Amino acid sequence: MSDSNNAHNVSYLDYKGQYKGLSAWIFSTDHKRIGLLYLYTMLAFFSVGAILGLLMKTELIAPGATIMGPKAYNALFTLHGIIMIFIIVVPGLPAVFGNFFLPIMIGAKDVAFPRLNLLSWWLYVIGILIVLTSQFLGDGPPDTGWTFYAPYSFQTPANVLPAVFGAFVMGFSSILTGINFVVTIHRMRAPGMTWFKMPLFPWTLYGTAWIQILATPVIGITLLLIVAERLLGIGIFDPALGGDPILYQHLFWIYSHPAVYIMILPGMGVISEIIPVFSKKTIFGYKAIVLSTMAIAFVGYFVWGHHMFTSGMSGRALYTFSFLTFLVAIPSAIKVFNWVSTMHKGSLDMQTPFYWAVSFIFVFMIGGLTGLVLGSLATNVHVHDTHFVVAHFHYIVFGGTGYAFMAALHYWFPKMFGRMYDLGWANLGWGIFFIGFNALYLPMFFLGMQGMPRRYYDYLPDFHGGNIISSLGAWVMISGIIIIFANLIRSARHGKKTTQKNPWGGKTLEWQVETPPTLENFEEIPTIEKGPYHFGE
Amino acid sequence: MIEHRDDLASKMGMWLFIFTELLLFGMLFVVYAVYRSMHPEAFKLASEELDVVLGTFNTVILLISSMTVAMSITSIQKGNKKLAMTLLIITLVIAVVFLVNKYFEWGSKFEYGFNPGGEELLQLGHGTILFFGLYFVMTGIHAIHILIGVGLFIYVLLQLRKDKIHQTDYIWLENTGLYWHLVDLIWIFLFPLLYLIH
Amino acid sequence: MSQETTHIVSYKTQIFVLLALLVLTAISVAITRIEMGPFNTAAALLIASIKASIVLAWFMHLKFESRFFTVMVAAVFILFLLVILVTFFDYSYR
């Protein structure tokens, strides 16, 4: 209690608690510090994952073994997938920006269970460490791909167990974050903030949290079954003992498809925050965005089969899943319509976060529309397991979640660190990144349609041209990433200090608290009367 | 920081956790449903290998333990700490008895070589192998949950003794109770699906 | 935050609930001895569902909590049933 006075006027970055030095961070239950812990962990592993990706693209710059052989390539795409999916994009936006801004945006002092929140981060780190041991211990790094498809995943001599178990532990972390967010949103909204006065980023976090709660246990049990299969030979996925490997695919995608919405929904939330602020206009169709968020969360649970169109499902299952997949495209398209309509006749303020948000819409459209090509049966069979798929999900996962992450980082950076980044470098980084990104992934669509399969270190000479463009694009994109991160890291430490509460003119609550926020965010919990995007037109 | 207590939030958190558990076991039931639909006869025959008397006995004591833990919440609400502790100890004992029974049940299966990868089992058809694979996985994960329950009961008992849990602050007991009912709930479905196939 | 009023379930009610559960268990075991074809499984699942509802309502206090909890529990069960349904679109028609 003696600190409570302190907690109202000292920034969370300077606050002196019970611990000092590193311990003041890794044992802190402050949601803002936990958010930054996730951010630093993710940036570290994103760098690793990006370098792995760069190595793969370099391997593909010419046919044949360029810098590595098949074994190394298989290990690389497996580790790249595990890192990027389980360590970066699944926790991604909720763990970093959700933790940091959800309580502030709904007018709370912290999440509902701060200690549980810290436990989530610890489980996350422990999960990462377990995954990493798979690379160094035993019989070589796993080569199954991040999907761990049966029966190969329990037959390969490679060290699959720690990778699977690490993913299981990270799933636990994800579930706890989800529980925390749902309870926080239900119980801790500021007085007057009714459900439909809640900003859209918390809304998307709410939908995401429900998927985290209801889908993650599915991957938990599936991975445990793989462990049991490997250790005990229970036969559940082993065709030699009567098991059905396609059932593994069902279970895996019952989680992993909703997981795509865990990745993308909060990204849509971020974009829905940024677009109105930089258009100086109320968001168009607030309720439509909310309802489409919940619709995506719900329908997205039942479309998993579109990953298995060539696996040997029954015909009826095929067209059921195809139909459901088309259904889920509708709410996504509604959102794009809302964002574009918000910008229409707005007074646009062209700043870095807005560049990221607009380019998000562009790449998300490409990713989404090519998703329809994959959702319809006939075209899917043609491009299944080709580079077309690789291009599609990078446009969605990297183009969607990744761009939204960058947008969020540039949007909230001054609030988080109390310093401003260099806008010139930030814009330059964005431009180079955007060019490199499209040069990298766009040719993959064409390569896939020509028939270049994914997950091979080698290819026919016919595919050489597209691969050269793609590989060069990878180098351009990495240069962009280096500029962006160098600028942000430098600015976080030496950038121009700012205490300006509201640099962009936002209307949500995080722009009304101190910069950087104090330990308890609000001196007095505000009472909400107006909707979240009241620009007073 | 000012501690604030919100029991309803804690309870809501516990329910959300229960949902994750329901879906975790739920997926095992999906696997069960798929394989039973493929091998109905083999599942029926394999099920007859299980000891219905032992299974019924475990069902009955687990239901009783659900009642005792629910009653211990009633007693703490009425301020009767001693009764609450007694009821919890009864629950704890039942949990252990359940595990001991399970140990003997599993033991006899191992003796006959019906364990996963066991020699006898591999001689039999696919349906039987899958049934016993599922039997061990489902009852095994259920038993792990019972074990966690035992740990929780010990913790709650210690907290009760130290008066950390009392008439106006018993959310830990309440949530432990919810967890225990979940374990019971899962068993209510496991029992007929594994032991009583006809 | 204000404490919501708590509902205390009496010992007597809990004993009745247990008795009901035990009777249902007995019926469930007895019914397997009667040959009813596919209805045996249906009956077993029906009785198990009734038992589960009783545990949820009384032992887990759903009857006395706010409606939100009941709605959520129902939603989770519906979600689960839908997952089974969609999965069997594959397995029933292979």
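Nothing here was measured: the structure is a model prediction, and the numbers come from that model.

Student: Sorry if this is basic, but what is going on with the overall build of chain B here?
Tutor: Helices and strands together make up the secondary structure of chain B, namely 7 helices and 0 strands. Written out in order from the N terminus, the α and β elements of chain B read α-α-α-α-α-α-α. Dimensions along the principal axes, computed over C-alpha positions, put chain B at roughly 65 × 30 × 25 Å. The buried share of chain B, taken over its 198 residues, is 65%. Long-range contacts, defined here as pairs at least 24 residues apart, represent 81% of the contacts in chain B between residues at least 6 apart. By element, 65% of the accessible surface of chain B is carried by carbon and sulfur atoms, the whole surface being about 7400 Å².

Student: Help me understand the overall build of chain C, please; the structure alone is not making it clear to me.
Tutor: When its secondary structure is counted, chain C shows 3 helices and 0 strands. Against the globule reference of 12 Å for 94 residues, chain C gives a C-alpha radius of gyration of 18 Å, more extended than a compact globule. Taking all 94 residues of chain C together, 43% fall into the buried category. By element, 74% of the accessible surface of chain C is carried by carbon and sulfur atoms, the whole surface being about 5100 Å². Of the charged side chains in chain C, 6 are positive and 4 negative; the average position of the first set lies 9 Å away from that of the second.

Student: Teacher, can you tell me more about the environment of Leu 16 of chain B here?
Tutor: Topologically, Leu 16 of chain B is positioned in helix α1 (residues 7–38). In this structure Leu 16 of chain B comes out as buried when scored by relative accessible area, which is 2%. Spatially, the C-alpha atoms of Leu 16 of chain B and Leu 185 of chain B are 15 Å apart, while their sequence positions differ by 169 residues. Those residues in contact with Leu 16 of chain B, other than ones at most four positions away along the chain, are Ile 179, Val 182, Val 183, Trp 210 and Ile 213 of chain A.

Student: I tried to follow the packing of aromatic side chains on my own but got confused; where do I start?
Tutor: Each pair of aromatic rings is reported with the distance of its centres and the angle of its planes. All names here are of chain A. For the coordinates displayed, the defined rule picks out 79 aromatic pairs over all chains. Taken together, a centroid distance of 5.2 Å and an interplanar angle of 50° make the contact between Tyr 411 and Trp 412 tilted. For Tyr 411, a relative accessible area of 0% gives the class buried. Between Phe 413 and Tyr 421, the ring centres sit 5.5 Å apart and the planes meet at 80°, which makes this aromatic pair edge-to-face. Since its relative accessible area comes to 2%, Phe 413 is described here as buried. Tyr 421 sits in the buried class, given a relative accessible area of 4%. When the ring centre of Phe 196 is taken as origin, the NZ or CZ atom of Lys 287, which lies over that ring, is 4.7 Å away.

Student: Can you walk me through the interface of chain A and chain C in this structure?
Tutor: The figure often quoted for interface size is the accessible area lost as the parts come together. Between chain A and chain C, the contact holds 20 residues from the first and 15 residues from the second. Summing the contributions of chain A and of chain C, the shared interface buries around 1600 Å²; its carbon and sulfur component is 73%. Per-residue buried area on chain A facing chain C is highest for Arg 187, Phe 302 and Arg 316 of chain A; these three make up 29% of the total on that side. The tally of links between chain A and chain C comes to 1 salt bridge. Put simply, Asp 244 of chain A and Arg 94 of chain C hold a salt bridge, and the shortest N to O gap is 3.4 Å. Our enumeration of links across chain A and chain C arrives at 7 residue pairs in polar contact (both at pLDDT 80 or more). Elements with a contribution of two residues or more to the side of chain A that touches chain C: α8 (160–187), α9 (200–232), α10 (245–279) and α12 (315–343) of chain A.

Student: What's the story with the side chain of Thr 147 of chain A in this structure? I'm lost.
Tutor: Residue and element names in this part refer to chain A. Within the secondary structure, Thr 147 sits in the loop between α6 (114–136) and α7 (152–155). What makes Thr 147 buried here is its relative accessible area of 7%. Once you skip the residues sitting within four places of it in the chain, Thr 147 turns out to touch Tyr 248, Phe 252, Trp 253 and Arg 455.

Student: Even after reading the chapter, I still don't get the interface of chain C and chain B, so can you show me in this structure?
Tutor: Between chain C and chain B, the residue contacts involve 47 residues of the former and 50 residues of the latter. Contact between chain C and chain B buries roughly 4300 Å² in total, counting both sides, with carbon and sulfur atoms accounting for 78%. Area buried by chain C at its contact with chain B is led by Tyr 11, Met 60 and Phe 69 of chain C, which between them contribute 15% of it. For Lys 11 of chain B, the salt bridge goes to Glu 65 of chain C, with nearest N and O atoms at 2.9 Å.

Student: I'm lost on the packing of helix α5 (residues 92–105) of chain A against helix α15 (residues 387–417) of chain A in this one. Help?
Tutor: A pair of packed helices is characterised by two quantities: the angle between their axes and the separation of those axes. Residues and elements named next belong to chain A. At a closest axis distance of 11 Å, the pairing of α5 and α15 adopts a crossing angle of 40°. The angle between α5 and α15 falls in the class oblique. Pair α5 / α15 crosses with left-handed handedness. Contacts between α5 and α15 involve Gly 92, Leu 93, Val 96, Phe 97, Phe 100, Phe 101 and Met 105 from the former and Thr 401, Ala 404, Phe 405, Ala 408, Leu 409, Trp 412, Lys 415 and Met 416 from the latter. Broken down by class, the residue content of the contact of α5 with α15 amounts to 12 nonpolar, 2 polar and 1 charged.

Student: What is the right way to read the nonpolar core from this model?
Tutor: If you look at soluble globular proteins, the nonpolar side chains tend to sit buried side by side. Among the nonpolar cores identified, the biggest contains 304 residues, and Phe 97 and Trp 412 of chain A together with Phe 19 of chain B are the most heavily contacted of them. Ranked by residue count, the leading element in this core is α10 of chain A, at 22 residues. For Phe 97 of chain A, the residues in contact, after removing those within four places along its chain, are Leu 102, Phe 201, Phe 405, Ala 408, Leu 409, Trp 412 and Met 416 of chain A.

Student: Explanation requested: the domain arrangement of chain C in the structure shown.
Tutor: Here chain C is described as being made up of domain 1 (9–60) and domain 2 (64–94). Distance from the C-alpha centre of domain 1 of chain C to the C-alpha centre of domain 2 of chain C: 21 Å.

Student: It is not clear to me how the environment of Leu 13 of chain A should be interpreted in this structure. Could you clarify?
Tutor: Residues and elements named next belong to chain A. Mapped onto the secondary structure, Leu 13 falls in the loop between α1 (6–9) and α2 (23–26). The exposure class assigned to Leu 13 is partly exposed, which follows from its relative accessible area of 27%. As a C-alpha pair, Leu 13 and Trp 25 span 12 residues in sequence and 9.7 Å in three-dimensional space. Apart from residues lying up to four places away in sequence, Leu 13 is in contact with Trp 25, Arg 33, Leu 36, Met 416, Phe 417 and Pro 516.

Student: Would you mind showing me how to read unusual backbone geometry here?
Tutor: Trans is the prevailing form of peptide bonds, just as negative phi is the prevailing case for residues other than glycine. Residue and element names in this part refer to chain A. Between Ala 150 and the following residue, Pro 151, the backbone shows a cis peptide bond with an omega angle of 0°. Note that Pro 151 resides in the loop between α6 and α7. Located in the positive-phi region is Asp 385, a residue other than glycine, with phi close to 55°. Counting through the fold element by element, Asp 385 comes out in the loop between α14 (377–383) and α15.

Student: How do you make sense of the packing of helix α2 (residues 40–47) of chain B against helix α6 (residues 126–161) of chain B when you look at a structure like this?
Tutor: All names here are of chain B. Contact pair α2 / α6: the axes reach a minimum separation of 8 Å and the direction vectors enclose 55°. As far as their axial angle goes, α6 and α2 are oblique. Along this stretch, α2 crosses α6, giving a crossing that reads as right-handed. Contact residues: α2 offers Ala 42, Phe 43, Ala 46 and Ser 47, while α6 offers Gly 127, Thr 128, Leu 130, Phe 131, Phe 132 and Leu 134. The residue inventory of the contact of α2 with α6, partitioned by class, reads 7 nonpolar, 3 polar and no charged.

Student: When you look at the side chain of Asp 30 of chain A in this model, what are you seeing that I'm missing?
Tutor: As for its placement among the helices and strands, Asp 30 of chain A is situated in the loop between α2 and α3 (31–59). With residues near it in sequence (within four places) discarded, Asp 30 of chain A still touches Tyr 12, Asp 110 and Leu 519 of chain A.

Student: Explanation requested: the pattern of salt bridges in the structure shown.
Tutor: Pairs can form between side chains of opposite charge once their charged atoms are near each other. Taken as a whole and assessed by the stated rule, the structure comprises 13 salt bridges over all chains. Across the pair Arg 454 of chain A and Asp 385 of chain A runs a salt bridge whose closest N-O atoms are separated by 3.3 Å. Residue Arg 454 of chain A is located in the loop between α16 (423–450) and α17 (464–494), and its partner Asp 385 of chain A is located in the loop between α14 and α15; the two are separated by 69 residues in the primary sequence. For Arg 454 of chain A, a relative accessible area of 15% puts it in the buried group. Look at the salt bridges and you will find they share partners, linking Asp 244 of chain A together with Asp 90 and Arg 94 of chain C into a network.

Here is what the cut-offs are and how they apply
- Residues numbered from 1 in each chain as written.
- Chains lettered and ligands numbered in written order.
- Predicted model: local features only at pLDDT ≥ 70, side-chain atom pairs only at ≥ 80, totals over all residues.
- Heavy atoms only, no water.
- Helix = DSSP H or I, 4+ residues; strand = E, 2+ residues; numbered from the N terminus.
- Buried < 20%, exposed > 50% of the residue type's maximum accessible area, 1.4 Å probe, protein only.
- Contact = heavy atoms within 4.5 Å.
- Areas by Shrake-Rupley, 256 points an atom, 1.4 Å probe, with all protein chains shown as cover.
- Rg over C-alpha atoms; globule rule 2.2 N^0.38 Å.
- Lys, Arg positive; Asp, Glu negative; His and termini not counted.
- Charge placed at Lys NZ, Arg CZ, Asp CG, Glu CD.
- Phe/Tyr/Trp six-rings, centres within 6.5 Å; stacked < 30°, edge-to-face > 60°.
- Lys NZ or Arg CZ within 6 Å of the ring centre and 35° of its normal.
- Buried area = accessible area lost by both parts, 1.4 Å probe.
- Salt bridge = Lys/Arg side-chain N within 4 Å of Asp/Glu carboxyl O.
- Polar contact = N/O pair within 3.5 Å; in protein donor to acceptor, adjacent residues only side chain to side chain.
- Axes fitted to C-alpha atoms, helices over the stretch in contact; angles between N-to-C directions.
- Parallel < 35°, antiparallel > 145°, perpendicular 65-115°, else oblique.
- Left-handed = near helix turned anticlockwise from the far one by under 90°.
- Nonpolar A, V, L, I, M, F, W, Y, C, P; charged D, E, K, R; others polar.
- Core = buried A, V, L, I, M, F, W, Y, C linked by side-chain atoms within 4.5 Å.
- Domains from an automatic or database assignment.

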